[in-house]
Amino acid sequence: MSEPLIQLKDISFSYAGEPTLAGISLEITENEFVAIIGPSGCGKSTLLRLVSGLLAPTSGEILVSGKPVTKPGLDRAMVFQDYSLFPWINCVDNIVLALEQTRPELEKRERKRIAGEYLAMVGLACSGCKLPGELSGGMRQRAAIARALAMNSPILLMDEPFSALDEFTREKLNDDVLSIWRKTNKTVLFVTHNISESVYMSDRICVLSPHPGRLSAIVDVNLPRPRVPDMRGTPEFAALVEKVRNSFEGI
């Protein structure tokens, strides 16, 4: 049996002396889509930043491909909630600038080609020359996803990427991300506070309880793939939503 791609071994994290996460152990296999869900303040985003290498655990160990995580790496691309696009340059150049840092061996023409390719993948083929301020919230998040994908990392870390969007845009982007995931074979770790979204998108749902955050349950999502919007109205979907809701502790 192959080694898990991501391993969290008894991870704890404290900030300013206050425990945020305690005793998190988890294994994630290659090409798996795993959601992390829990109430506000339970440490969901902190856990994602620990996997990314932006933070270091107070105790425990995180391994990616069997190697300890000590800093950010090209094997992990991150999509943030607030898009994190530079507002003074267009979408193509936002991606090109990221590629200059992460894939410096590429020529400028190749970076622009890759930027255009991934913008087309997320439905922004005609928006490459637009500034982020000229795009809707959903389009800005698509651009941020394209930038992360262009890094060609096997792991995609998504930190509540759709929480600021309206419900219609959010559900459309759910389907878009799942389509991209199928095409690119990424391993996705997806933080959300939306139970329905976690059920619709993931293979497994990791439920965190608060103060400090602990892994209170792991719920397997046995819905068939590809996921389609009509699934949201089925009894099976409703049962899984209820199962996740009942998994929360200490709220």
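Coordinates for the structure precede this section.
All residue numbers here refer to positions counted from 1 along the written sequence of the relevant chain. Where local features are concerned, this predicted model is filtered to residues with pLDDT of at least 70; where side-chain atom pairs are given and counted, the filter is 80 or more; whole-chain, interface and lining totals use all residues. As a rule here, side-chain values cover all heavy atoms of the structure and leave hydrogens and water aside.

The next subject is the pairing of strand β2 (residues 18-28). For a regular strand, the rule is simple: side chains alternate between the two faces of the sheet. Note that strand β1 (residues 6-15) and β2 share 7 bridges and pair antiparallel. If you follow Phe13 over to β2, its bridge partner there is Leu21. If you look at the hairpin formed by β1 and β2, you'll find 2 residues sitting between the two strands, and Ala16 has a positive phi there, around 50°. Each pair of strands is called paired provided DSSP finds at least two bridges between the two strands. Strands are runs of DSSP state E lasting at least two residues, helices are runs of H or I lasting at least four, and both sets are numbered from the N terminus onward.

With that settled, the discussion passes to the environment of Thr169. Within the secondary structure layout, Thr169 lies in helix α5 (residues 167-184). Separated by 31 residues in sequence, Thr169 and Gly138 have C-alpha atoms that sit 6.3 Å apart.

A word on the packing of aromatic side chains. Think of it this way: a Phe, Tyr or Trp ring, Trp meaning its six-membered ring, pairs with another when their centres are within 6.5 Å, and the plane angle makes it stacked under 30 degrees, edge-to-face over 60, tilted otherwise. Applying the stated criterion to the full structure yields 4 aromatic pairs. Between the aromatic rings of Phe86 and Trp88, the centroid separation amounts to 5.1 Å while the plane-to-plane angle is 45°, which identifies the pairing as tilted. Think of it in three bands: residues with accessible area under 20% of the maximum for their type are buried, residues over 50% are exposed, and the middle band is partly exposed, with areas taken using a 1.4 Å probe on protein chains only. Phe86 gets classed as partly exposed once you look at its relative accessible area, which sits at 35%. Geometrically, the ring pair formed by Phe162 and Phe190 is tilted, given 5.9 Å between the ring centres and 50° between the ring planes. Of this pair, Phe162 sits in the loop between β7 (155-159) and α5 while Phe190 sits in strand β8 (residues 187-192), placing them 28 residues apart in sequence. Each of the two residues, Phe162 as well as Phe190, counts as buried. Aromatic rings pair up to connect Phe33, Phe162, Trp181 and Phe190 into one cluster. A ring is scored as having a charge over it whenever the NZ atom of a lysine or the CZ atom of an arginine sits within 6 Å of its centre and within 35 degrees of its normal. Geometry around Tyr200 places Arg232 over its ring, the cationic atom sitting 3.8 Å from the centre.

Convention adopted: a line fitted to C-alpha atoms gives each axis, helices being fitted over their contacting stretch, and angles between N-to-C directions are expressed from 0 to 180 degrees. Their axes nearest at 9 Å, the elements helix α2 (residues 91-102) and helix α4 (residues 137-150) cross at an angle of 30°. Here α4 runs roughly parallel to α2, going by the angle between their axes. For the pair α2 and α4, the sense of crossing is right-handed. Facing α2, whose interface residues are Cys91, Asn94, Ile95, Ala98 and Leu99, α4 presents Ala143, Ala146, Arg147 and Ala150. In this classification, the charged set is Asp, Glu, Lys and Arg, the nonpolar set is Ala, Val, Leu, Ile, Met, Phe, Trp, Tyr, Cys and Pro, and all remaining amino acids, among them Gly, are polar. When the residues that make up the contact of α2 with α4 are grouped by side-chain class, the tally is 7 nonpolar, 1 polar and 1 charged. Here roughly perpendicular refers to angles of 65 to 115 degrees, roughly parallel to angles under 35, roughly antiparallel to angles over 145, and oblique to all remaining angles. Handedness of a helix crossing follows the sense of rotation of the near helix relative to the far helix, less than a right angle counterclockwise being left-handed and clockwise being right-handed. Contacts between residues were defined by any pair of non-hydrogen atoms, one from each residue, lying within 4.5 Å.

So, to be careful, I would describe these as geometric facts and stop short of saying anything about function.
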